[in-house]
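# Structural features, examined
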Amino acid sequence: MCDYWRLNSTCWASKFSHLFDNESTVFFAIFMGIWVTLFLEFWKQRQARLEYEWDLVDFEEEQQQLQLRPEFEAMCTHRKVNAVTKILNFAVISSQLQEVEPYLPLCSRIPWYFLSGATVTLWMSLVIACMVAVIVYRLSVFATFASFMESEASLKHVRSFLTPQITTSLTGSCLNFIVILILNFFYERISAWITKMEIPRTHQEYESSLTLKMFLFQFVNFYSSCFYVAFFKGKFVGYPGKYTYLFNVWRSEECDPGGCLVELTTQLTIIMTGKQVFGNIKEAIYPLVLNWWRRRKARTNSEKLYSRWEQDHDLETFGSLGLFYEYLETVIQFGFVTLFVASFPLAPLLALLNNIIEIRVDAWKLTTQYRRPVAAKAHSIGVWQDILYGMAVLSVATNAFIVAFTSDMIPRLVYYYAYSKNAIQPMKGYSLYFAFTSIFFRYRDYRNPPDHEEKYFHSMQYWHVLAAKMTFIIIMEHVVFLMKFLLAWMIPDVPKDVVERIKREKLMTVKILHDFELNKLKENLRMNSSDFAKHLIIQENKVQLAKSAT
């Protein structure tokens, strides 16, 4: 019952896709893999330099991070003898050194651990369910958009670039972004409550547990739709006569004839840009509104009685987790820049512009809208560094798979070198479509035609292209990983001048201690020699007195 649609209606999307889907994409993806390594290695050097300049070289984070949380001490009903002080007790034989500390048995922790794992799994499943709901939305409104745009005469001039596929993709991406923000709002509060009920023993355990929960959810929440478009959409469509259906109602989503790269770029642009704009507006408006409301309530008091320090005290508190959310936002942005950069080369530029704006927003809010944060020492950025390294390794694989399976570069190269028969125009005749049945129409796949004895099975060209894709992934991953490991080995974690300064300071410390001990020993020797001389003189005087007496 459906009418034909012309293949040239997707020319604009194909031309736009070619901006990112070309031979330079491979080199850009390799460059970004190397850049990530350089970024992390140079960050370690910067961290080591700051560690030296801020006098944190010998700082033991356990002094601050491993102390017991007040909440842990208040909520624990069990007590036990500290193993360290108990050993000291046996050493010095003193019962006063034994210290009894709060203790939470493992049997009391296990139910909360199960509840925590179940909650995280439930919310990640909810994210997947919302993503499926957005897919159903796109499937259900695609036909509506297509019929409306065909019947509406006023849209005649925009049909060439605003096709039903692109319209559905744009609205679906916007809806997906709204769902992401709503789920994120609720999960932040639930994860903080679950972490609190786990009763972590130390501040470090609390931050590590909260970081793991928040990052896992944010990772699934922000990247699941991008992974779907990049690696799953259009891969399980079927073929004419045997299409696959979602819930036996809607046909599985197909990519635009120009490929899924345009939709992936659209998805990344909307989610990344929307998150950055919304985050900056929220960081600026939220404390401003709260402080305005406090000032409004305080206007009943006399201005003379409402002193400046009271006004400063009524500002919004930065909180112990203020920097946590800043780190989380930066790490999620790092994922957009690295994981899908092969399909969205403008991501680094957008991240740079966002960081320039956010630096000014953070400076404004910290100096005018928040109380002065309480400073705390830290040896490094902690578990976030491990997360960054994990995302850097994962980015190599994702970009290799995007170039191989999402873009059309590998099929074009296979056709150019293996199937092209035109020496003058080698890409003439390249197509991913073929005729089906007696009515001429085309669809995207490599399958045998109806008159073949193995009709609709994958053709030999499909296996050639698949072999080329897998070969490309293996070669690209090995090349990038080899270069990453070489760069990581060649670039020292601590700059040479910092190492020399640390050694010089340690040498000076040892020399000062040595000189102090040496001077002290000399003084003791002088005192001992003078005492010996006095004793000798006394003995001689005694002997002389004895002789004179006799």
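Model, not experiment: these values are computed from the prediction.

What follows covers the overall build of the chain. When you go through the chain residue by residue, the secondary structure sums to 16 helices and six strands. Every one of the 550 residues in the chain was classed for burial, and the buried ones make up 38%.

Another aspect to go through is the packing of helix H2 (residues 24-53) against helix H15 (residues 460-490). One way to put it is that H2 packs onto H15 with a least axis distance of 10 Å and a crossing angle of 25°. In terms of their interaxial angle, H2 and H15 are classed as roughly parallel. In terms of crossing hand, the pair formed by H2 and H15 is right-handed. Where H2 abuts H15, its residues Val26, Ala29, Ile30, Gly33, Ile34, Thr37, Leu38 and Glu41 lie against Phe472, Met476, Val480, Met483, Lys484, Leu487 and Ala488. For the contact of H2 with H15, the residue count by class is eleven nonpolar, two polar and two charged.

Turning to helix H11 (residues 322-339), a few remarks are in order. In an α-helix, one full turn covers 3.6 residues, which means residues spaced three or four apart are oriented alike. The terminal C-alpha atoms of H11 lie 26 Å apart, and with 18 residues this matches the ideal 26 Å at 1.5 Å per residue to within 8%. With 14 of 18 residues buried, H11 lies mostly within the body of the structure.

The next thing to look at is the UniProt feature "transmembrane region" (unreviewed entry) in the chain. If you check UniProt for "transmembrane region" (unreviewed entry), the listed places come out as residues 25-43, 113-146, 166-187, 210-231, 331-353, 387-407, 427-444 and 465-491 in our numbering. Along residues 331-353, the helical share is 70% and the strand share 0%, with 16 Å between the first and last C-alpha atoms.

What follows concerns the packing of H11 against helix H13 (residues 383-406). Between two packed helices, both the angle of their axes relative to each other and the distance between the axes serve to describe the pair. Contact pair H11 / H13: the axes reach a minimum separation of 8 Å and the direction vectors enclose 20°. When the axes of H11 and H13 are compared, the pair comes out roughly parallel. In terms of crossing hand, the pair formed by H11 and H13 is right-handed. Across the interface between the two elements, Phe324, Tyr327, Leu328, Val331, Phe334, Gly335, Thr338 and Leu339 from H11 touch Trp384, Ile387, Leu388, Met391, Ala392, Leu394, Ser395, Thr398, Asn399 and Ile402 from H13. Grouping the constituent residues of the contact of H11 with H13 by class yields 13 nonpolar, five polar and no charged.

Time to look at the side chain of Gln218. Structurally, the position occupied by Gln218 is in helix H8 (residues 203-231). By relative accessible area, which is 4% here, Gln218 ends up buried. In this view, Gln218 contacts Asn184, Glu188, Tyr223, Leu328 and Ile332; residues no more than four positions away in its chain are not counted.

Across all of its chains, the model carries 25 aromatic pairs by this definition. Ring geometry for Phe231 against Phe401: centres 6.3 Å apart, planes inclined by 85°, an arrangement best described as edge-to-face. Linking Phe231 in helix H8 with Phe401 in helix H13, this pair joins segments that are 170 residues apart in sequence. Arranged with centres 6.2 Å apart and planes meeting at 45°, the rings of Trp292 and Trp293 form a pair that is tilted. Under the relative-accessibility criterion, Trp292 is labelled partly exposed at 42%. Accessibility expressed as a relative area gives 42% for Trp293, which makes it partly exposed.

Now for the side chain of Ser224. Considering the arrangement of structural elements, one finds Ser224 in helix H8. Discounting residues that sit within four places of it in the chain, Ser224 has contacts with Val127, Ile128, Met131 and Phe219.

Time to look at unusual backbone geometry. Residue Asp55 is not a glycine yet carries a positive backbone phi of 60°. Asp55 sits in the exposed class, given a relative accessible area of 64%.

Bringing the nonpolar core into the picture now. Core analysis: the largest hydrophobic core is formed by 70 residues, its most contacted members being Tyr223, Leu264, Phe336, Phe340, Met391, Ile402 and Phe472. The element that contributes the greatest number of residues to this core is H8, accounting for 15 residues. Listed in part, the five residues of the second largest apolar core include Leu68, Cys76, Leu104 and Ile199.

Next up on the list: a nonpolar patch on the surface. The grouping of Val277, Ile281, Ile285, Leu288, Val289, Trp292, Trp293 and Trp364 at the surface amounts to a nonpolar patch, some 730 Å² of accessible area in total. Among the elements that take part in the nonpolar patch, helix H9 (residues 261-298) stands out by supplying seven residues, more than any other. For Val277, the location among the structural elements is in helix H9. Residue class for Val277 comes out partly exposed when judged on its relative accessible area of 44%.

Turning our attention to the environment of Pro287. Mapping Pro287 onto the fold places it in helix H9. Separated by 82 residues in the primary sequence, Pro287 and Gln369 place their C-alpha atoms 6.0 Å from one another. Leave out the neighbours within four places in its chain, and Pro287 touches Lys282, Glu316, Gln369 and Tyr370.

Opposite charge on two side chains allows them to pair when their charged atoms are near. Counting across every chain of the model gives nine salt bridges. For Lys365, the salt bridge is made with Glu326, and the minimal N-O distance between the two is 3.0 Å. Remark: Glu326 occurs in helix H11 and Lys365 occurs in helix H12 (residues 347-368); sequence separation between them is 39 residues. Residues Lys365 and Glu326 agree in their burial class; the two are buried. Measuring nitrogen to oxygen at the nearest pair gives 3.2 Å for the salt bridge that ties Asp515 to Lys511. With a gap of four residues between them, Asp515 and Lys511 both fall in helix H16 (residues 496-549), about one helical turn apart. According to the relative accessible area criterion, Lys511 is exposed, its value standing at 52%.

Parameters at a glance
Residues numbered from 1 in each chain as written. Predicted model: local features only at pLDDT ≥ 70, side-chain atom pairs only at ≥ 80, totals over all residues. Heavy atoms only, no water. Helix = DSSP H or I, 4+ residues; strand = E, 2+ residues; numbered from the N terminus. Buried < 20%, exposed > 50% of the residue type's maximum accessible area, 1.4 Å probe, protein only. Axes fitted to C-alpha atoms, helices over the stretch in contact; angles between N-to-C directions. Parallel < 35°, antiparallel > 145°, perpendicular 65-115°, else oblique. Left-handed = near helix turned anticlockwise from the far one by under 90°. Contact = heavy atoms within 4.5 Å. Nonpolar A, V, L, I, M, F, W, Y, C, P; charged D, E, K, R; others polar. Expected span 1.5 Å × (residues − 1). UniProt positions renumbered as here; feature names shortened; annotations may be inferred. Phe/Tyr/Trp six-rings, centres within 6.5 Å; stacked < 30°, edge-to-face > 60°. Core = buried A, V, L, I, M, F, W, Y, C linked by side-chain atoms within 4.5 Å. Patch = residues over 30% accessible without salt bridge, like charges linked within 9 Å, V, L, I, M, F, W, Y side chains within 5 Å. Areas by Shrake-Rupley, 256 points an atom, 1.4 Å probe, with all protein chains shown as cover. Salt bridge = Lys/Arg side-chain N within 4 Å of Asp/Glu carboxyl O.

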